[in-house]
Amino acid sequence: MSSAELRYPRPTLWADYVRAGAGVVLCGGPLVALNVNRWMALVLGAGLVLFILFLARTALRQRTRYVLAEDTLCADGPAGTLVEWRQLDRLKLSYFSTKRDRTGGWMQLAVGSAGSRTIKIDSALEGFYDIVERAARAAEVNGVALSAATRANLRSMGISVAGQEETV
Amino acid sequence: MLQYVIRRLLLMIPTLFVISLLVYIIIDMPPGDCVTSQIDELVARGDPDALKRADELRHLYGLDQSLMHRYFDWVGGVFRWDFGLSCQDTVPVKDLIGERIVLTLIMEASTIAFIWIVSFVIGVYAATHQYRVGDYVASFFGFIGLAVPNFLLALVLLYVGKVYFGLSIGGLMDAQYIEKPSSWGKTLSIMQHLIIPVIVIGTSGTAGMIRRLRANLLDELQKQYVVTGRAKGLSELRLLVKYPLRHAINPFVADIGHLLPEVISGSVIVSVVLSLPTTGPMLLGALRTQDVNLAATFLLLVAVLTVIGMLVSDLLLAALDPRIRFGSAEK
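Just so it is clear, the structure is predicted and the values come from calculations on it, not from any experiment.

Thresholds applied
- Residues numbered from 1 in each chain as written.
- Chains lettered and ligands numbered in written order.
- Predicted model: local features only at pLDDT ≥ 70, side-chain atom pairs only at ≥ 80, totals over all residues.
- Helix = DSSP H or I, 4+ residues; strand = E, 2+ residues; numbered from the N terminus.
- Contact = placed C-beta atoms within 7 Å.
- Domains from an automatic or database assignment.
- Buried ≥ 20, exposed ≤ 12 C-beta atoms within 10 Å, placed from the backbone.
- Pairing = 2+ DSSP bridges.
- Axes fitted to C-alpha atoms, helices over the stretch in contact; angles between N-to-C directions.
- Expected span 1.5 Å × (residues − 1).
- Bend = angle between axes of the 7 residues up to and from the residue.
- Nonpolar A, V, L, I, M, F, W, Y, C, P; charged D, E, K, R; others polar.
- Parallel < 35°, antiparallel > 145°, perpendicular 65-115°, else oblique.
- Left-handed = near helix turned anticlockwise from the far one by under 90°.
- Core = buried A, V, L, I, M, F, W, Y, C linked by C-beta atoms within 7 Å.

1. Some words on the overall build of chain B
Then step 1. The secondary structure content of chain B amounts to 16 helices and zero strands.
Then step 2. Projected onto the principal axes, the alpha-carbon positions of chain B cover approximately 90 × 60 × 35 Å.
Then step 3. Partitioning the contacts of chain B with sequence separation of at least 6, the portion at a separation of at least 24 is 73%.

Structure below.
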């Protein structure tokens with residue numbers, strides 16, 4: 001397998017920039033423009049910090065390229081790291097949705113190998129399925145224990161991991 | 001998770017803005033304003049300066065301004081914890097709601113804790129003892145709780161307390177502690193007086209939760225993996241706690257958001273009946289007299305609590321069970 005270079009699509013990144021910007025304006029605006037009560041300032045300040053963190057994370061994503069190879073997954077960017085599939089020791093696949101009926105959501109994959117930081121990627125990333133499939137194969141080979149939620153999410157993507165059947 | 005929190009927060013902010021706007025407009029909609037009733041009294045008494053006084057009061061409360069102007073003034077004030085003037089004795093709203101908000105929060109928090117603890121214990125018992133006497137008794141009280149209106153239960157308890165036990169149940173503290181600074185005695189008195197309102201308000205919520213938990217747990221207990229576990233010789237307690245209870249508890253967590261507005265709206269009439277110094281009776285009075293600033297402030301605080309409750313329940317659910325539903329995967 002040759003290596004594949006993957007990035008977050010521009011529309012996704014811009015949507016996140018708009019979200020972060022809207023949050024910064026909505027939380028920071030009153031702090032700057034109004035004589036805010038200190039408790040209210042604390043709440044708005046906490047919101048502002050969150051949105052600034054989100055802005056920083058989006059910028060980081062824009063500067064990061066992910067390289068999927070047969071042996072490794074490399075996050076090449078300012079806070080880059082490398083996951084070796086042979087040493088994979090954690091895999092978590094979560095699903096999030098802001099809707100009541102839990103439709104229209106997105107997946108988040110968290111993978112890490114011994115001695116490396118965890119790489120977290122969202123399903124908006126190009127080639128997300130390939131990464132999940134490779135990670136699931138590595139988890140199968142390494143015998144990594146998967147949570148019930150991760151197993152269910154893998155199944156929904158049509159990926160099965162041998163040796164991870166429901167145990168009681 | 002950060003992405004999830006950010007998206008939820010971004011939904012929260014416009015939601016609160018729209019709620020506050022709608023609430024403000026709706027309270028102001030009926031003809032007349034909060035000055036009307038005060039002036040009617042002056043006119044009835046034959047006061048020659050009644051109309052002049054009405055103009056002064058309308059200017060004082062900002063009622064001579066447009067609705068939107070008043071709304072944005074009020075919203076701007078919210079950030080400064082200044083909710084404007086109430087028409088009741090021309091007192092700032094923040095001075096009127098101070099202790100009542102604290103007492104209301106204590107009462108609602110106790111009620112929610114009561115609902116959770118009681119319904120969890122009874123719900124699990126009813127599901128694990130299906131069609132036994134305990135299950136029938138729990139179901140019977142569940143239906144009674146659902147069917148009997150809170151205010152009626154409050155009236156019955158008031159009567160029984162007074163006639164059979166000589167107890168005065170109304171209020172949230174003994175008379176000697178009213179408008180006195182916090183003390184150990186006052187705290188103890190509040191805790192004693194909380195018992196009846198918490199039971200009265202919590203009963204209907206408890207009934208609903210027991211039914212839901214029982215139904216969910218029964219569904220889980222009839223699944224194949226439970227049968228397999230039992231066949232493998234797992235103890236009943238371990239078999240219950242390991243998976244079925246974890247899955248059945250999700251609706252419990254999801255209910256946090258719904259519970260709060262339910263409990264708050266359910267407590268209004270009960271607070272009136274039991275003479276509780278909470279926000280309920282004051283809100284009712286404010287709505288009757290079209291005291292827009294006071295009523296809108298209460299309703300905004302309820303909306304904030306509801307939205308925060310929803311956020312907490314969604315975050316807990318996302319953390320507890322980040323699973324896709326197969327229906328949503330197809331979409």
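2. Remarks on the overall build of chain A
Then step 1. Helix and strand counts for chain A come out as four helices and seven strands.
Then step 2. Each principal axis of the C-alpha distribution contributes one length, and for chain A these read about 60 × 40 × 30 Å.
Then step 3. Expressed as a percentage of contacts within chain A between residues at least 6 apart in sequence, the contacts between residues at least 24 apart total 54%.

3. Some remarks on the domain arrangement of chain B
Frequently, the measure chosen for interface size is the accessible area removed from exposure when the parts meet.
Then step 1. We note that the domain assignment places domain 1 (32-64) and domain 2 (93-288) within chain B.
Then step 2. Between the C-alpha centres of domain 1 of chain B and domain 2 of chain B there is a distance of 44 Å.

4. A closer look at the environment of Met282 of chain B
Residues and elements named next belong to chain B.
Then step 1. Along the chain, the position of Met282 falls in helix α14 (residues 279-288).
Then step 2. Note on Met282: 22 C-beta atoms within 10 Å, which makes it buried.
Then step 3. Residues Met282 and Gly266, 16 residues apart in the sequence, show an inter-C-alpha distance of 15 Å.
Then step 4. Ignoring any residue separated from it by four or fewer positions in sequence, one finds Met282 in contact with Leu96 and Arg100.

5. Structural notes on the sheet that holds strand β7 (residues 119-122) of chain A
Residue and element names in this part refer to chain A.
Then step 1. Within the open sheet, the three strands sit side by side as β5-β6-β7. Their pairing is antiparallel. Either end of the sheet is taken by a strand with one partner, and the two such strands are β5 (88-96) and β7. Within this sheet the neighbouring strands show an average axis-to-axis angle of 15 degrees, counted without direction.
Then step 2. For strand β6 (residues 106-113) and β7, the ladder comprises four bridges, and the chain directions are antiparallel. Its bridge partner lying in β7, Val111 is registered against Ile119.

6. A closer look at helix α13 (residues 256-273) of chain B
Residues and elements named next belong to chain B.
Then step 1. With 18 residues, α13 should reach 26 Å at 1.5 Å per residue; the first-to-last C-alpha distance of 26 Å fits that figure.
Then step 2. The largest bend along α13 measures about 35 degrees and falls at Ser267.
Then step 3. Among the residues of α13, Gly257, Leu259, Leu260, Val263, Ile264, Gly266, Ser267, Val268, Val270, Ser271 and Val273 are the ones counted as buried.
Then step 4. Contacts from the buried residues of α13 go to α5 (93-128), α7 (150-165), α8 (184-221), α14 and α15 (292-320).
Then step 5. Two residues or fewer past α13, Ser275 is found with a positive phi of approximately 50 degrees.

7. Some remarks on the domain arrangement of chain A
Residue and element names in this part refer to chain A.
Then step 1. The domain boundaries assigned to chain A delineate domain 1 (8-63) and domain 2 (65-156).
Then step 2. If you look at the interface, domain 1 gives five residues, while domain 2 gives six residues.
Then step 3. Across the side of domain 1 that touches domain 2, the residue classes break down as three nonpolar, one polar and one charged.

8. Overview of the interface of chain B and chain A
Then step 1. Taken together, the 30 residues of chain B in the interface contact 32 residues of chain A.
Then step 2. When residues of the side of chain B that touches chain A are traced back to their parent elements, those giving at least two are α1 (2-28), α4 (67-79), α9 (224-231) and α16 (326-330) of chain B.
Then step 3. Examining the composition of the side of chain B that touches chain A, we find that eleven residues originate from one element, α1 of chain B, more than from any other.
Then step 4. Among the residues forming the side of chain B that touches chain A, the class breakdown is 17 nonpolar, five polar and eight charged.

9. Let's talk about unusual backbone geometry
All names here are of chain B.
Then step 1. Phi angles above zero are rare outside glycine, and Trp81 is one such case at about 55 degrees.
Then step 2. Position of Trp81 among the secondary structure elements: in the loop between α4 and α5.
Then step 3. Although it is not a glycine, Tyr131 sits at a positive phi angle of roughly 60 degrees.
Then step 4. Judged by C-beta crowding, with 9 C-beta atoms within 10 Å, Tyr131 ranks as exposed.

10. Concerning the packing of α5 of chain B against α15 of chain B
Residues and elements named next belong to chain B.
Then step 1. It is the contact of α5 with α15, at a shortest axis distance of 10 Å, that shows an interaxial angle of 40 degrees. Between α5 and α15, the angle is such that the two are oblique. In terms of crossing hand, the pair formed by α5 and α15 is right-handed. Here α5 contributes Val93, Leu96, Ile97 and Ile101 to the contact with α15, which in turn contributes Asn293, Leu294, Thr297 and Leu301.
Then step 2. Class assignment for the residues of the contact of α5 with α15 results in six nonpolar, two polar and no charged.

11. Let's talk about the nonpolar core
Then step 1. Counting residues in each nonpolar core, the largest one holds 50 residues, and the members touching the most others are Ile210, Ala295, Ala296 and Phe298 of chain B.
Then step 2. Counting residues per element, the ones that place at least two in this core are α1, α4, α5, α7, α8, α13, α14 and α15 of chain B.
Then step 3. Take this core: its biggest share by element is eleven residues, from α5 of chain B.
Then step 4. Aside from chain neighbours lying at most four places away, what touches Ile210 of chain B is Ser119, Ile122, Gly123, Ala126, Ala138 and Gly142 of chain B.
Then step 5. Counting residues in each nonpolar core, the second largest holds 30 residues, with Leu73, Leu88, Ile121 and Leu154 of chain A among its members.

12. Details of the sheet that holds strand β3 (residues 72-76) of chain A
All names here are of chain A.
Then step 1. Taken in spatial order, the four strands of this open sheet run β1-β2-β3-β4, and their pairing is antiparallel. The sheet is open, and its two edges are formed by β1 (4-6) and β4 (81-84), each paired on a single side. Pairwise comparison of adjacent strand axes, ignoring direction, gives a mean angle of 15 degrees for this sheet.
Then step 2. Examined bridge by bridge, β3 and β4 share four bridges and lie antiparallel to one another. If you follow Cys74 over to β4, its bridge partner there is Leu82.

13. Comments concerning the environment of Ile131 of chain A
Residues and elements named next belong to chain A.
Then step 1. Structurally, Ile131 is set in helix α3 (residues 128-142).
Then step 2. For Ile131, a count of 22 C-beta atoms within 10 Å puts it in the buried group.
Then step 3. Sequence separation between Ile131 and Gly28 is 103 residues, and the spatial gap between their C-alpha atoms is 38 Å.
Then step 4. Apart from residues no more than four positions distant in its own chain, Ile131 is found in contact with Leu68, Leu73, Leu109 and Ile121.

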